[in-house]
Amino acid sequence: MEYRAKGHFESLAWLLQNGLMWVGVIGIAWNLLKPGGWLFWIIDLIASNQPTSFYYLAVGVLGLLAAKVWLDSIDPRAFYNLLTAAWAFAGTFFILSLLLPL
């Protein structure tokens, strides 16, 4: 195994990516759990379309599980890297949505 020191750009990119990732996690949690948020909307949608919504929910969960298995077969860290990029995008979107009213 070869060890090397991280450069300034690599350290700054890691810091920015992790910062955006955690802002994305907080933004998703806020939009999910606030009153009238996504969680309440999803529960209402499932309750109003009972038989069909359970099938779609099951197909979605199975699809996510199949995607994780497929990505893990490509590379053990592929799912983690994709999830990190998605959280960083969500963080960027959350910051921009907060800045939009200004």
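Here the structure is shown first, and the text comes after it.
Residues numbered from 1 in each chain as written. Predicted model: local features only at pLDDT ≥ 70, side-chain atom pairs only at ≥ 80, totals over all residues. Heavy atoms only, no water.

## Examining the packing of helix H3 (residues 50–74) against helix H4 (residues 78–99)
Okay, step 1: Contact pair H3 / H4: the axes reach a minimum separation of 7 Å and the direction vectors enclose 120°. Facing H3, whose interface residues are Lys 68, Leu 71 and Asp 72, H4 presents Ala 78, Phe 79 and Leu 82.
Okay, step 2: Here the residues of the contact of H3 with H4 are counted per class, giving four nonpolar, no polar and two charged. (Axes fitted to C-alpha atoms, helices over the stretch in contact; angles between N-to-C directions. Helix = DSSP H or I, 4+ residues; strand = E, 2+ residues; numbered from the N terminus. Contact = heavy atoms within 4.5 Å. Nonpolar A, V, L, I, M, F, W, Y, C, P; charged D, E, K, R; others polar.)

## Remarks on the pattern of salt bridges
Okay, step 1: Scanning the entire structure with this criterion turns up one salt bridge.
Okay, step 2: We note a salt bridge from Lys 68 to Asp 72, for which the minimum N-O separation is 2.6 Å. Placement of both Lys 68 and Asp 72 in helix H3 is noted, with a separation of four residues, approximately one turn of the helix.
Okay, step 3: Classification of Asp 72 as partly exposed rests on a relative accessible area of 28%. (Salt bridge = Lys/Arg side-chain N within 4 Å of Asp/Glu carboxyl O. Buried < 20%, exposed > 50% of the residue type's maximum accessible area, 1.4 Å probe, protein only.)

## Side note on the side chain of Ser 53
Okay, step 1: Within the element layout of this structure, Ser 53 appears in helix H3.
Okay, step 2: Judged by relative accessible area, Ser 53 falls into the buried class, the value being 10%.
Okay, step 3: A distance of 3.1 Å separates a polar side-chain atom of Ser 53 from the backbone oxygen of Ile 46.
Okay, step 4: Polar side-chain contacts of Ser 53 include one of 2.6 Å to the backbone oxygen of Asn 49.
Okay, step 5: Not counting the four nearest positions on each side in its chain, Ser 53 is found in contact with Leu 45 and Ile 46. (Polar contact = N/O pair within 3.5 Å; in protein donor to acceptor, adjacent residues only side chain to side chain.)

So yeah, pure geometry; function would need other evidence.
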